[in-house]
Amino acid sequence: MILTRGARVTGAVLCAVLAVIVAGWLVRDLGAVDDPAELWRYWAGYAEARPKLMPATSPVDAAMLVVYVVAGVAALRSSVAAAALAAAGVTTLALRVPGLWNAVGSGAAARFPDELRTRALICTFVALAAAIALLVTAGAGRRPPRDFSERTPSRPGRGAAVVSFLLLGASAAVVIAWEVRQAVKYPSLYPDWYMGGDSLALPLTDPPPGWSSAVVAFLCLFAGISALPRAAHARPFGMTAAALLLPGGILGIARTLHYEMLGHFGQLPTEGQLTVLTWFFETLAAVVVLLALARRGFADNNAPTLTAPQDQGYGYGYPQGGAFGPPPPSEPPPGW
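Being a predicted model, the structure only gives us computed values, none of them experimental. Going along each chain's sequence as written, the residues are numbered from 1 onward. Side-chain atom pairs in this predicted model are given and counted only at pLDDT of 80 or more, local residue features only at pLDDT of at least 70, and totals for whole chains, interfaces and linings cover all residues. Note that water and hydrogens are dropped before the side-chain values are worked out from all heavy atoms of the structure.

Undergrad: A description of the overall build of the protein chain should follow, citing residues and the corresponding values.
TA: Strands here are runs of E lasting at least two residues and helices are runs of H or I lasting at least four, both read from the DSSP assignment and numbered beginning at the N terminus. Within the protein chain, the secondary structure is distributed over twelve helices and six strands. Within the protein chain, the fraction of its 336 residues that count as buried is 45%. Throughout, a residue-residue contact means that at least one pair of heavy atoms, one from each residue, lies within 4.5 Å. Long-range pairs, those at least 24 residues apart, make up 75% of the contacts in the protein chain with a sequence separation of at least 6. Of the roughly 16800 Å² that the protein chain leaves accessible, carbon and sulfur atoms contribute 67%. Accessibility here uses a 1.4 Å probe with only protein chains present; expressed as a share of the type maximum, an area under 20% marks a residue as buried, one over 50% as exposed, and anything in between as partly exposed. All accessible areas in this document rest on Shrake-Rupley with a 1.4 Å probe, and a residue is counted as covered only by the protein chains that are shown.

Undergrad: Can you break down the packing of aromatic side chains residue by residue, with the values?
TA: Any two of the Phe, Tyr and Trp rings considered here, Trp counted by its six-membered ring, make a pair once their centres fall within 6.5 Å; the pair's planes then place it as stacked at under 30 degrees, edge-to-face at over 60, or tilted in between. Scanning the model with the defined rule gives five aromatic pairs in all. A ring pair is formed by tryptophan 101 and tryptophan 211, whose centres lie 5.8 Å apart and whose planes are at 65°; its orientation type is edge-to-face. Here tryptophan 211 lies in helix H10 (residues 209-227) and tryptophan 101 lies in helix H5 (residues 99-102), a separation of 110 residues in the sequence. Grouped by ring-pair contacts, the aromatic residues Phe218, Phe222 and Phe237 constitute a single cluster.

Undergrad: Go over the packing of helix H3 (residues 59-77) against helix H11 (residues 234-258) with me, naming the residues and quoting the values.
TA: Taken N-terminus to C-terminus, the directions of H3 and H11 make an angle of 145°; their axes are 9 Å apart at the nearest point. Relative to H11, H3 is oriented so that their crossing is right-handed. Residues Pro59, Ala63, Met64 and Val67 of H3 form the contact with H11, whose participating residues are Thr240, Ala243, Leu244, Pro247 and Leu251. For every element, the axis is a line fit to its C-alpha atoms; helices are fit only across the contacting stretch, and the angle between N-to-C directions ranges from 0 to 180 degrees. For a crossing to be left-handed, the near helix must be turned anticlockwise from the far one by less than a right angle; the clockwise case is right-handed.

Undergrad: I'd like a description of the nonpolar core, backed by residues and values.
TA: Among buried residues, those of type Ala, Val, Leu, Ile, Met, Phe, Trp, Tyr and Cys that are joined through side-chain atoms within 4.5 Å constitute a nonpolar core. Counting 59 residues, the largest nonpolar core has Met64, Tyr68, Leu85, Leu134 and Leu244 as its most contacted members. The leading source of residues in this core is H11, at nine residues. Leaving out residues up to four positions away in the same chain, leucine 244 has contacts with Ala63, Met64, Thr91, Leu95, Val216 and Leu219. Counting ten residues, the second largest nonpolar core, distinct from the first, contains Trp25, Ala56, Phe112 and Cys123.

Here it is as structure tokens:
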């Protein structure tokens, strides 16, 4: 199935709306710090980072900005971008729902002015509406290909599928294991760790850390399991999961280098060593999955096949029925 031209334009516009919302908040945060590096240090968790105003964003916003831009460009340039629009819509819904109650909570009221919280709530409603519209567009805007000249959704190659299954599955297991460890070690943080509350200083526009981790783990599991049978939607969902996994790993490595943890790795407690190794693994896994799935896969073998008129016995230059000549190839020749 491919997207109609109207659905492609609609999807691109919706992605642009979501990208503008995120970009607006990032611009606001860049104005809240003395220099862009200060925002980076705050995101990375440096103890000395002291922005003059509390940032409203997190690395999740930067990752989602990239997702929206890629999905929007894909919708404009390709008729097989339905899964990319669906991935952007599902991820937006999953990540923005907590904003409905976090922006009006007492914790946010203590850190952000009323005008900013009102703007955040409006942006959350718009983002959720745009996400729902993306899902409707991706589902209702599809049609079967008219002929062999129209591309069909591509599936990941065999090697890319196996690599994505292993790395995304392992990443999901690692994220879940750390969440279990968190619950055992700091039970007093719950339920705020997942639902938000006064005990956590949360960004204004993003979900609580536990909620965000659950979304990443679910996306990694879904994309990894989808990659094993080489489903057509495995590529966009897998790349989206990797895009969300990557910032945490990169910022963790930055924190490792900043505090010279590698030079004293042997002196770190076991949990500290596992934390550092997790950051490197997440970064490596995300980069490898992105590179593996970014390559164009194979055409969807389930695409409908056109047959020739019965009275002619020929179809697109190939004799039908095997009366003479070589059998038709399994795929059309180049340029068809």
